[in-house]
Amino acid sequence: MDKRYLVLVNMTGAIGMIMIDQTVIGIALPPLQRSFGFGPMELQWVVNGYTLALAASLICAGWAGDRFGHYRSFTVGVGLFTVSSLLCAIAPIGEVFIAARIGQGIGAAFMQPAATSIVFGIFPQEMRGRAMSIYVGSGLLFLAGGPLLGGFLVQHFSWHTVFLINVPIGLITFVTAYMFSQHAPKGNDLSFDFGGAILLVAGILILTIAIQSFGDRTLPVYASFGLTVLGLAALTILPFRKPSSGSSIIDFSIFRSRVYFGCGVVLFCIQFAMLGQVVYGAIFIQNVLSFTPFQTGLSMMPVVLTIIVLAQISGYLFDKIPFRLLALAGTLAISGGFFAQAVVLQLNNIVWLIPGMMLIGFGLGLLASTVTTEGLSHVSQTQRATASAILQTLRQAGGVFGIACIGSVINLIEKVRINEVAEKLEPVAHKRHELQVLLFKSEQAQANATAELHTHWPEALSELKEITTEAVAAGYYLGAVVVLVATLISVWAFASKADSEAAGESV
């Protein structure tokens, strides 16, 4: 077999672990909630601990790939991800689990840009679109099996086994990657912008905490606004500062390409909406529709199978038609899918959600590999590892802010509505407070609180399901609007592709 395809198979092992981890976490959240007594804030950090670490580490990992070699960076990432997955499975307390999720995120950060750069670099231009679609499409097979396998393991064994499945895949991928890395080039002698890295990580972290505090009300409003300003200030300084030595942590000259900038915005907006679907959609299906974990995994198949089919077709379409048509069709389909689900969510029937799921799968299938391929086609060979890391950072940052914003909207609606229901059902003040506490605990999947409500306020349980449905629908509407913004950006960014390419050639 051609060595290039052996490398491609190895890279799919990495993307497979990441895909499994992203799909099963939603199914595992309700049992995790019960096992560790997680509230809404802790649940957000189960997802955002991983995503934030991934977003904050990607640029650093991109530099490491350029400095020490992509194969070596990839091997380190696989090893860290595998060890962290094992730690997730055996975590004795919630704090250890969240810390291990952060380790997974850092490991994934070292894998993603390195794997993409390796696949992109070993194939010639005429084979690149097909190779990238195979790379992403093969990983999507894990995406398809992830929900079903995860649901089966959670239902018949425990949530611990969901993370153990990464270990054998990781070990095989690590050994193979280590063998390839022995003969790989070492990279370039590049300095690192530690000051820029600190500003980037601090800005994303502070903004995330600020956004979550608005919905959870853990901080006074003025403190949340103050953190928002501080986080934005840290990120705003980045393009204007001059490092004392070497280049900036982010090469902002890359964004002079309108096409590359547009690809970054599209990835940000799509991930913003999608993590809301993965997390809160799975919670809605289990807690409101009363699906088992395996049934929840099965209910995700309309999205996953549509993605797999379209991802293979998109590689062919990318080589044949203008990318702007793919971008417009994909973002419109995703936005329409979220809107369609939000409209019918109140019907509490999974059948009505399937058309919206398939629309989302259609859009993601068109854009899963093509956005990154298009963006990297507009940067030089020497910038591709860094450019890939920037695109993935924008994508994961979209997920971080998506969970924070959608979670804040959902938490705020639930708190307001729970207070309204308590006032309606219980006129006595001290009993009203007791009812509010039980509603909050039941909303966090605490069985004792649900049993107490069933005994003393049975009508409150149906009200609680309506509250959750209303809140999740609001989150879906927000996701639809954000992806619609990506559609508008696509019209501006990709319409002038030919002109920008001509200008670049003349320069």
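Source: prediction; values computed, not measured.

Conventions we followed
- Residues numbered from 1 in each chain as written.
- Predicted model: local features only at pLDDT ≥ 70, side-chain atom pairs only at ≥ 80, totals over all residues.
- Heavy atoms only, no water.
- Helix = DSSP H or I, 4+ residues; strand = E, 2+ residues; numbered from the N terminus.
- Buried < 20%, exposed > 50% of the residue type's maximum accessible area, 1.4 Å probe, protein only.
- Contact = heavy atoms within 4.5 Å.
- Areas by Shrake-Rupley, 256 points an atom, 1.4 Å probe, with all protein chains shown as cover.
- Salt bridge = Lys/Arg side-chain N within 4 Å of Asp/Glu carboxyl O.
- Expected span 1.5 Å × (residues − 1).
- Bend = angle between axes of the 7 residues up to and from the residue.
- pLDDT = per-residue confidence, 0-100.
- Core = buried A, V, L, I, M, F, W, Y, C linked by side-chain atoms within 4.5 Å.
- Phe/Tyr/Trp six-rings, centres within 6.5 Å; stacked < 30°, edge-to-face > 60°.
- Axes fitted to C-alpha atoms, helices over the stretch in contact; angles between N-to-C directions.
- Parallel < 35°, antiparallel > 145°, perpendicular 65-115°, else oblique.
- Left-handed = near helix turned anticlockwise from the far one by under 90°.
- Nonpolar A, V, L, I, M, F, W, Y, C, P; charged D, E, K, R; others polar.
- Patch = residues over 30% accessible without salt bridge, like charges linked within 9 Å, V, L, I, M, F, W, Y side chains within 5 Å.

**A short note on the overall build of the protein chain**
Part 1 of the argument: Across its full length, the protein chain holds 20 helices and zero strands.
Part 2 of the argument: Out of the 507 residues belonging to the protein chain, those deemed buried represent 57%.
Part 3 of the argument: Pairs at least 24 residues apart make up 83% of the contacts formed inside the protein chain by residues separated by at least 6 positions.
Part 4 of the argument: For the protein chain, the exposed surface amounts to about 20,500 Å²; the carbon and sulfur share of it is 68%.

**Side note on the pattern of salt bridges**
Oppositely charged side chains may form a pair once their charged atoms are brought near each other.
Part 1 of the argument: Enumeration over the complete set of coordinates arrives at three salt bridges.
Part 2 of the argument: As a salt-bridge pair, Arg417 and Glu420 come within 3.2 Å of each other at their nearest N and O atoms. Residue Arg417 and its partner Glu420 are both found in helix 16 (residues 384-425); the two are separated by three residues, about one turn of the helix.
Part 3 of the argument: Among the salt bridges present, the one from Glu463 reaches Lys424, with a minimum N-O distance of 2.6 Å.

**Section: the environment of Val162**
Part 1 of the argument: Looking at the element boundaries, Val162 is found in helix 6 (residues 160-164).
Part 2 of the argument: Under the relative-accessibility criterion, Val162 is labelled buried at 1%.
Part 3 of the argument: As a C-alpha pair, Val162 and Asp21 span 141 residues in sequence and 8.2 Å in three-dimensional space.

**Some remarks on unusual backbone geometry**
Part 1 of the argument: Unusually for a residue other than glycine, Ser290 sits at a positive phi of about 60 degrees.
Part 2 of the argument: Here Ser290 is to be found in the loop between helix 10 (258-287) and helix 11 (293-299).
Part 3 of the argument: Notably, Asn348 is not glycine yet its phi reads approximately 55 degrees, a positive angle.
Part 4 of the argument: Locating Asn348 in the fold gives a position in the loop between helix 13 (323-344) and helix 14 (350-367).

**What to know about helix 10**
Part 1 of the argument: With 30 residues, helix 10 should reach 44 Å at 1.5 Å per residue; the first-to-last C-alpha distance of 44 Å fits that figure.
Part 2 of the argument: At Tyr280, helix 10 is bent by approximately 25 degrees, the largest bend along its length.
Part 3 of the argument: The element helix 10 is largely enclosed, with a buried count of 26 among its 30 residues.

**With respect to the confidence of the model for the protein chain**
Part 1 of the argument: For the protein chain, mean pLDDT is 80; residues scoring 70 or higher make up 88% of the total.
Part 2 of the argument: When mean pLDDT is taken per element in the protein chain, helix 13 scores highest with 92 and helix 20 (residues 497-506) scores lowest with 42.

**Some words on the nonpolar core**
Part 1 of the argument: Of all hydrophobic cores here, the largest spans 128 residues; its most connected members are Leu32, Phe74, Phe97 and Met111.
Part 2 of the argument: If one sorts the elements of this core by residue count, helix 10 sits on top with 18 residues.
Part 3 of the argument: Ranked by size, the runner-up nonpolar core spans 14 residues in total, among them Leu425, Leu435, Leu439 and Leu461.

**Description of the environment of Ile18**
Part 1 of the argument: The topology assignment puts Ile18 in helix 1 (residues 3-36).
Part 2 of the argument: Separated by 90 residues in sequence, Ile18 and Ala108 have C-alpha atoms that sit 6.9 Å apart.
Part 3 of the argument: Contact partners of Ile18, with chain neighbours within four places excluded, come to Tyr50, Ala108, Met111 and Gln112.

**Description of the packing of aromatic side chains**
Part 1 of the argument: Across all of its chains, the model carries 14 aromatic pairs by this definition.
Part 2 of the argument: Taking 5.5 Å as the distance between ring centres and 90 degrees as the angle between the ring planes, the aromatic pair formed by Phe97 and Trp159 counts as edge-to-face. Of this pair, Phe97 sits in helix 4 (residues 94-122) while Trp159 sits in the loop between helix 5 (125-156) and helix 6, and the two are 62 residues apart along the sequence.

**Here's the deal with the packing of helix 2 (residues 40-68) against helix 10**
Part 1 of the argument: Contact pair helix 2 / helix 10: the axes reach a minimum separation of 12 Å and the direction vectors enclose 150 degrees. Accordingly, the angle class assigned to the pair helix 2 and helix 10 is roughly antiparallel. Crossing handedness for the pair helix 2 and helix 10: right-handed. Here helix 2 contributes Leu43, Gln44, Val47 and Thr51 to the contact with helix 10, which in turn contributes Leu275, Val279, Tyr280 and Ile283.
Part 2 of the argument: When the residues that make up the contact of helix 2 with helix 10 are grouped by side-chain class, the tally is six nonpolar, two polar and no charged.

**Observations concerning a nonpolar patch on the surface**
Part 1 of the argument: A surface patch of nonpolar side chains, about 340 Å² in accessible area, is lined by Leu86, Leu87, Ile90 and Leu164.
Part 2 of the argument: Of the residues forming the nonpolar patch, the biggest block, three residues, is contributed by helix 3 (residues 70-90).
Part 3 of the argument: Note on placement: Leu164 falls in helix 6.

**Re the packing of helix 10 against helix 13**
Part 1 of the argument: Two elements in contact, helix 10 and helix 13, have axes whose closest approach is 12 Å; the angle formed by their N-to-C orientations is 20 degrees. Classified by the interaxial angle, the pair formed by helix 10 and helix 13 is roughly parallel. Crossing angle aside, the handedness with which helix 10 passes helix 13 is left-handed. Contacts between helix 10 and helix 13 involve Cys263, Val266, Ile270, Ala273, Met274 and Gln277 from the former and Phe323, Thr331, Ile334, Phe338 and Gln341 from the latter.

**Overview of the side chain of Thr393**
Part 1 of the argument: Note on placement: Thr393 falls in helix 16.
Part 2 of the argument: Residue classification places Thr393 among the buried residues on the basis of a relative accessible area of 7%.
Part 3 of the argument: Not counting the four nearest positions on each side in its chain, Thr393 is found in contact with Ala55, Leu58 and Ile59.

**Observations concerning the environment of Ile209**
Part 1 of the argument: Secondary-structure assignment places Ile209 in helix 8 (residues 194-216).
Part 2 of the argument: Beyond its immediate stretch of four places on either side in the chain, Ile209 contacts Trp45 and Leu227.

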